[in-house]
Amino acid sequence: MASSTVSSWMIGSCMSVPGEKEHELHGFFGIYKSKCKWAIPSKTTKGVFINSKSNNPVTFPISSSFLSQPNRTITGFSSSNSCFLFTGSAATRPPTKSISSAQTGEVMAIASQSAMEAAPKKKPPTKERRVVVTGMGVTTPVGHDPHTFYENLLEGVSGISEIEAFDCSQYPTRIAGEIKSFSTDGWIVPKLSKRMDKFMLYMLTAGKKALSDGGITEDMMNELDKRRCGVLIGSAMGGMKVFNDAIEALRVSYRKMNPFCVPFATTNMGSAMLAMDLGWMGPNYSISTACATSNFCILNAANHIIRGEADLMLCGGSDAAIIPIGLGGFVACRALSQRNTDPSRASRPWDSNRDGFVMGEGAGVLLLEELEHAKQRGATIYAEFLGGSFTCDAYHMTEPHPKGTGVILCVEKALAQSGVAKEDVNYINAHATSTPAGDLKEYQALVHCFGQNPELRVNSTKSMIGHLLGAAGAVEAVATIQAIRTGWVHPNINLENPDEGVDTNILVGPKKERLDIKVALSNSFGFGGHNSSILFAPYK
């Protein structure tokens, strides 16, 4: 770099040998002169050159003689960082051999004290923030509120039937956990209700119902610090119907396409629209990890509260993929049951005669809240969220690892992260989708983790509502929390001939069972090898 080239310097003040000199200062209100006290370090410090063209930082030593060289003008001062900004000729730079990667372009040097002196102060320890569940909302094939939903599960009511939304007579699978009747009246304005994809309608309705269930009235909403309220609700498939309709319109002309086809198809827009409706300005995004989506969202939402970034979080998942392209896609994967003549008996986790999972649709949303915040507003606490974990099989797009290593690691990490002993877990709401490989591998992983615990009871909500894809984990979390609240666990229906090696003493039978739950585990796994486990317990 030529000697006439001007370089910019950011020099960190190190209060040891102060000096006073008149400087030309360039501020927001023009140029003025001032006598400014600044520091020359008595010890050797470190500096960093950052090439503005390559952003490539290079560290070099800076001595007091280097900092005291002339031909510099102070052009600014950062009070927050205690740093002066200098300009000076390139001749005042350190030797070029120390900054070989910063030979061209404007450079910036940042001087800092020694590691001991410059180390940032540690954040003072804070009291552990506990997370509790204070509200729930669902939209499912067997009920649109947590009470009706769980009462039907306890009675073994199946929500699986023949598909009515479209003609699927030519498909090998013609059954699903389809929502036959659904209304957004009083929850979503008609203008939006007509335009949104069903996954968004299910999500917004379930989310607002969770708020209502949590006692968040309009008056209370006005008192909340909305900067500390967030929404984290995901979807595995997103707005498939909106996007499919746009493709059909494009066959005629791009001019026929719905201007909302892109925003209403993306998986994040449900969370965004709900936040806009509520005015909640805290963490807001969605996660899409196939059928593990909801658990990922719930655990991440809880972490925002634990870290002090939010006090309230709506979290969960929603999906509505029972449309021709959705059904056809899963048929092409050879993943679906073809028990069309007996729909209510088609989803049969752990049964030797299972032939694939049954698609479902709907949404589940939890209202998570920081414990003291919940107590202060007098909220009803349904359960405490203890923690969870994620892992990846890193094995296959759709098949579980044959040794269940990813699932085992996930469960063990969830227990360790939550500080829960395996002996304390006495209820598991399993992922168990009714697929030949998946059910057995999960069962074997659970036995590996928990052994032959005589108190352990395991069931699968999917036996009655099918697989709700990205919404499955949240809906099953609601079932898990309802089991904690009521002291009843729902049956496994259609479990007539268990797989060889499956201990029916662990699995819940064909009728509901009384259980005093100490700690409950809920599993969700997704295409791509995504594993997730979350833990709930009675609040004490």
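Everything here concerns the structure above.
These notes cover the structure that comes with them. Keep in mind that this is a model prediction, so the values were computed, not measured.

1. Quick look at the overall build of the protein chain
Assigned secondary structure in the protein chain consists of 15 helices and 22 strands. Within the protein chain, the proportion of its 540 residues that are buried is 53%. For the protein chain, restricting intrachain contacts to residue pairs at least 6 apart in sequence, the fraction spanning at least 24 positions comes to 76%.

2. Thoughts on the sheet that holds strand β12 (residues 229-234)
As summarised here, the arrangement of the 10 strands in space is β13-β12-β14-β15-β9-β16-β22-β21-β17-β18, forming an open sheet in which the pairing is mixed. What marks the edges here is a single partner per strand, and that holds for β13 (284-285) and β18 (457-459). Sheet analysis places strand β9 (residues 131-139) next to strand β16 (residues 383-392), joined by 3 bridges and oriented antiparallel. The partner of Val132 across the bridge, within β16, is Glu384. Relative to the sheet, helix α13 (residues 436-450) contacts β17 (425-429), β18 and β21 (519-526), its axis offset from that of β21 by approximately 145°.

3. Structural notes on the nonpolar core
With 49 residues, the main nonpolar core has Phe149, Ile298, Leu366, Leu368 and Phe536 as its most contacted residues. Of the residues forming this core, the biggest block, 9 residues, is contributed by helix α15 (residues 472-486). Not counting the four nearest positions on each side in its chain, Leu368 is found in contact with Val131, Val132, Val133, Ile298, Ala301, Ala302, Ile305, Asp311, Leu312, Met313 and Cys315. In this structure, Met203, Leu211, Cys229 and Met269 belong to the second largest nonpolar core, which totals 35 residues.

4. Re the packing of aromatic side chains
For any pair of aromatic rings, geometry is given as the distance between the ring centres together with the angle between the planes. Using the criterion set out here, one finds 7 aromatic pairs in the structure. Here Phe260 and Phe264 contribute two aromatic rings whose centre-to-centre distance is 5.1 Å and whose plane-to-plane angle is 25°, an arrangement assigned as stacked. A relative accessible area of 3% places Phe264 in the buried class. Measuring from centroid to centroid gives 5.5 Å for Phe330 and Phe357, while their planes differ by 80°, and the two rings are edge-to-face. In this pair, Phe330 is assigned in helix α10 (residues 324-332) and Phe357 in the loop between α10 and β15 (362-370), connecting sequence segments 27 residues apart. Judged by relative accessible area, which is 5%, Phe357 ranks as buried. Three or more aromatic residues joined by ring pairs form one cluster here, namely Phe330, Phe357 and Phe527.

5. Considering the side chain of Asp393
Position of Asp393 relative to the elements: it lies in the loop between β16 and α12 (405-418). A distance of 2.9 Å separates a polar atom in the side chain of Asp393 from a polar atom in the side chain of Asn531. When neighbours within four sequence positions are excluded, Asp393 is seen to be in contact with Pro400, His401, Gly406, Val407, Gly529 and Asn531.

Parameters and conventions
Residues numbered from 1 in each chain as written. Predicted model: local features only at pLDDT ≥ 70, side-chain atom pairs only at ≥ 80, totals over all residues. Heavy atoms only, no water. Helix = DSSP H or I, 4+ residues; strand = E, 2+ residues; numbered from the N terminus. Buried < 20%, exposed > 50% of the residue type's maximum accessible area, 1.4 Å probe, protein only. Contact = heavy atoms within 4.5 Å. Pairing = 2+ DSSP bridges. Axes fitted to C-alpha atoms, helices over the stretch in contact; angles between N-to-C directions. Core = buried A, V, L, I, M, F, W, Y, C linked by side-chain atoms within 4.5 Å. Phe/Tyr/Trp six-rings, centres within 6.5 Å; stacked < 30°, edge-to-face > 60°. Polar contact = N/O pair within 3.5 Å; in protein donor to acceptor, adjacent residues only side chain to side chain.

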